[in-house]
Amino acid sequence: MTSIKKFQVTFDCAGPERLARFWCEVLGYVVPPPPEGFVTWDDFKGSQSPEQRDSWFACVDPSGVGPRLYFQRVPEGKAAKNRVHLDVRVGTGLVGEERLAALEAECARLVPLGAVHVQTLYDGNDACIPMLDPNTSDYQF
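Residues numbered from 1 in each chain as written. Predicted model: local features only at pLDDT ≥ 70, side-chain atom pairs only at ≥ 80, totals over all residues. Heavy atoms only, no water.

Chemist: In this structure, what is going on with the overall build of the protein? I would like to understand it.
Modeler: Within the protein, the regular secondary structure consists of three helices and seven strands. In terms of overall dimensions, the protein has a C-alpha envelope of 55 × 40 × 35 Å along the principal axes. Taking all 141 residues of the protein together, the buried fraction comes to 29%. Long-range contacts, defined here as pairs at least 24 residues apart, represent 55% of the contacts in the protein between residues at least 6 apart. Roughly 9,500 Å² of accessible area belongs to the protein as shown, and the carbon and sulfur atoms make up 54% of that amount. Of note, the protein has its 14 positive side-chain charges centred 6 Å away from the centre of its 19 negative side-chain charges. (Helix = DSSP H or I, 4+ residues; strand = E, 2+ residues; numbered from the N terminus. Buried < 20%, exposed > 50% of the residue type's maximum accessible area, 1.4 Å probe, protein only. Contact = heavy atoms within 4.5 Å. Areas by Shrake-Rupley, 256 points an atom, 1.4 Å probe, with all protein chains shown as cover. Lys, Arg positive; Asp, Glu negative; His and termini not counted. Charge placed at Lys NZ, Arg CZ, Asp CG, Glu CD.)

Chemist: Even after reading the chapter, I still don't get the state of the cysteines, so can you show me in this structure?
Modeler: If you walk through the whole model with that rule in mind, you get zero disulfides. With no disulfide of its own, Cys24 lies 4.0 Å from the sulfur of Cys59, the closest cysteine sulfur. Judged by its relative accessible area of 9%, Cys24 is buried. (Disulfide = S-S within 2.5 Å.)

Chemist: It is not clear to me how the side chain of Arg99 should be interpreted in this structure. Could you clarify?
Modeler: Topologically, Arg99 is positioned in helix 3 (residues 96–110). On the accessibility criterion, Arg99 (17% relative accessible area) is buried. Side-chain polar atoms of Arg99 contact the backbone oxygen of Ala127, separated by 3.2 Å. Excluding its chain neighbours within four sequence positions, the residues that come into contact with Arg99 are Val90, Gly91, Thr92, Leu94, Asp126 and Ala127. (Polar contact = N/O pair within 3.5 Å; in protein donor to acceptor, adjacent residues only side chain to side chain.)

Chemist: Help me understand the environment of Trp23, please; the structure alone is not making it clear to me.
Modeler: Position of Trp23 among the secondary structure elements: in helix 1 (residues 16–27). Each C-alpha atom, one on Trp23 and one on Asp54, is 17 Å from the other, the two residues being 31 residues apart in sequence.

All we've got here are geometric facts, nothing functional implied.
What follows is the structure, encoded as structure tokens:
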């Protein structure tokens, strides 16, 4: 029998902490405690060399069920469509105008956090609102 492995989802980005804190707000995740031996994240950052400082950040599901999200700074900019993305499920079980209203409310909550509304897809029964996170907001379709 194969055992199930824990995993994390890793994002390459320019600003790891900013993006991690965005996804904490979106998903209800939290920033984990700083590494052992440090009282605060600022204490930890202060202990690092300038090259390493702010090179990564993470967030976790407070219930321990969802995967850890890890954000790492990379020097190159985004050049193509993401091959991995998160589909945040909002309004599950709702249909029609109720589903659309739930999605629009979530969209309105996320835009001030840095998300970009791409389009609203609605066929009278089902709805979807693709959005870009702050890491992909400069992506050209």
